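Geometric and topological summary
Next come the chains, spelled out residue by residue.
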Amino acid sequence: MEKKKNNKELIRLEREAVIPILKPRLIMTLTNLIEHSSDRAEFLKLCKRIEYSIRAWYMLQFEDLMQLYSLFDPVHGAQKLEQQKLSPDEVDILEQNFLTYLFQVMDKSNFKIATNEEIEVALSGQYLLNLPITVDEAKLDKKLLKRYFDKHPHANLPDFSDKYVIFRRGIGLDQTTDYFFMEKVDMLIARFWSWLLLKTRLERVLSRKSSSRHNKDPKKDDEISAETERDNDLYIERIRLENMELSWKNLLGKITIQEPTFDRIIVVYRRASNKTKIDRGIFVKHFKNIPMADMEIVLPEKKNPSLTPMDWVKFLGSAIVGLVAVVGSLELPKADFWVIFAILSTVIGYCAKTYFTFQQNMATYQNLITQSMYDKQLDSGKGTLLHLCDDVIQQEVKEVIISFFILMEQGKATRQDLDLRCEELIKEEFGEDCNFDVDDAVQKLEKLGIVARDTIGRYYFVGLKRANEIIGTTTEELVLKARQASGAA
């Protein structure tokens, strides 16, 4: 997922299956590409009927999802469960049913579970958050998700999947321009230590240990690189202070750092129960535009950050070295006051720098947490589920409309050709890259009955007027006609 290229730190990301185009813009653009005005009117009518039909298909499933969640809503769910008078086993079954529906909706919305590899790459760098953030696992339930994944195995599950799950979708970019004075000082110290380890040859010992833990097969990397070029995966540059070119302009002036973002993140978890009461609430939180390197801000039940063991080692090490140096200077026949003063000033200054750096990082952390609560958190609970339900419908409608349009304008196509043509249309007309989900689109088209296959398996459309006749007048259209009639009267 991560790669160095031309001295740049690049993150390789697979193309998303989500179509990043607003539905009204998609429909109007495709309509304008149709030559005859009569066909344009029929196409617009068909688009509406496709949406009404797909929405009707999902309504019952979404209603079941919302009804189940009402029992596990962290705010009012406990009261509703008490009114139902259900046994613990029955509640266990219902909560597993809810998770099954939820994961299905996530999949239809093109959300993916973040894997260990993705999280390691995301957190391998630093962006705005420079504190080690950990989860207080004692405050999280470890049974709910474990039971689900035991019954529904998933590949590449992260290590924490029994406590919480992070879903991600979409890729963006975040840039920040500032002086970053304290961060630059840290960077200079880190580079000095790296140089010192290199000169003392201690780096070789440490590199052997790290290489034994992370032994990669170069052939596998070559295969991944070749596959990447074939599939046109995305490369996004990560610009960090650690890789900054040393110059007076960069050290004293403003610089811009850059980090890829997860466009949408959804976190699912449950808090641990206490001895007196079982907590059945399930939290579903929805975030937007989260920098990959700062992904810790969305973690549930975070511990309050404090000085790390390495910070304490720096404090104690500096104090011991300074004390030894001062004592050694005093034992000399002629103790130099200025030498002692310089040593004490250096030690005190370094300790003060470490402390104030921590305080600045704490202030940044509090600001990021506040921002994640008010700016980056889209919704939670029922609101998140409503977002997901609408996302599913919008994506399915766009997939079906694009596939039908391609068959209508470009003629018969195999499934593979249809997939390629749809991706080319999205790229040429809208300038967007998308890993089009042709299988789902074809399934919906066949279910609607507006495409068919010839003797060699190629798909073709049945005609615009015929497609509208097959779907027929929808309930929504009848309601609109009745409303217009009553308004005219």
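The structure contained in this document is the topic of the report that follows. (Residues numbered from 1 in each chain as written. Predicted model: local features only at pLDDT ≥ 70, side-chain atom pairs only at ≥ 80, totals over all residues. Heavy atoms only, no water.)

Let's shift gears to the packing of helix H2 (residues 37-72) against helix H17 (residues 475-488). Two measures define how a pair of helices packs: the angle their axes make with one another and the distance between the axes. With their axes 9 Å apart at the nearest point, H2 and H17 run at an angle of 115 degrees to one another. Across the interface between the two elements, Lys-45, Arg-49 and Tyr-52 of H2 pack against Glu-476, Glu-477 and Leu-480 of H17. (Axes fitted to C-alpha atoms, helices over the stretch in contact; angles between N-to-C directions. Helix = DSSP H or I, 4+ residues; strand = E, 2+ residues; numbered from the N terminus. Contact = heavy atoms within 4.5 Å.)

With respect to the helices and strands, the residue Gly-457 is situated in the loop between strand S9 (451-453) and strand S10 (459-461). In sequence terms Gly-457 and Lys-412 are 45 residues apart; their C-alpha atoms lie 9.7 Å from each other.

Turning next to helix H4 (residues 88-108). Relative to the 30 Å expected for 21 residues at 1.5 Å per residue, H4 spans 30 Å between its end C-alpha atoms, a close match to the ideal helical length. Inspection of H4 places Val-91, Glu-95, Gln-96, Phe-98, Leu-99, Leu-102, Phe-103, Val-105 and Met-106 among the buried residues, and these make up the whole buried set. Within two residues after H4, Asn-110 carries a phi angle of roughly 70 degrees, on the positive side. (Expected span 1.5 Å × (residues − 1). Buried < 20%, exposed > 50% of the residue type's maximum accessible area, 1.4 Å probe, protein only.)

This brings us to the side chain of Ser-403. As for its placement among the helices and strands, Ser-403 is situated in helix H13 (residues 382-410). Leaving out residues up to four positions away in the same chain, Ser-403 has contacts with Leu-418, Cys-422, Phe-436, Ala-441 and Leu-445.

Bringing the sheet that holds strand S7 (residues 283-291) into the picture now. Within the open sheet, the 5 strands sit side by side as S3-S4-S6-S7-S8. Their pairing is antiparallel. Of all strands in the sheet, those with a lone pairing partner are strand S3 (112-113) and strand S8 (377-380), marking the two edges. H13 rests against strand S4 (164-178), strand S6 (255-269), S7 and S8 of the sheet, and its axis sits at about 105 degrees to S8. (Pairing = 2+ DSSP bridges.)

Here a ring pair, both rings aromatic, is described through the centre-centre distance and the interplanar angle of the planes. Using the criterion set out here, one finds 12 aromatic pairs in the structure. The interplanar angle of 35 degrees and the centroid separation of 5.4 Å between the aromatic rings of Tyr-69 and Phe-98 together place this pair among those described as tilted. Taken together, the residues span a long stretch of sequence, with Tyr-69 in helix H2 and Phe-98 in helix H4 at a distance of 29 residues. Ring geometry for Phe-72 against Phe-98: centres 6.4 Å apart, planes inclined by 40 degrees, an arrangement best described as tilted. Remark: Phe-98 occurs in helix H4 and Phe-72 occurs in helix H2; sequence separation between them is 26 residues. Given a relative accessible area of 0%, Phe-72 falls into the buried group. These aromatic residues form a ring-pair network of at least three members: Phe-103, Tyr-148, Phe-149 and Phe-167. In this structure, Lys-412 is placed above the aromatic ring of Tyr-460, and the distance from its NZ or CZ to the ring centre is 5.4 Å. (Phe/Tyr/Trp six-rings, centres within 6.5 Å; stacked < 30°, edge-to-face > 60°. Lys NZ or Arg CZ within 6 Å of the ring centre and 35° of its normal.)

This is a description of form; function is not addressed.
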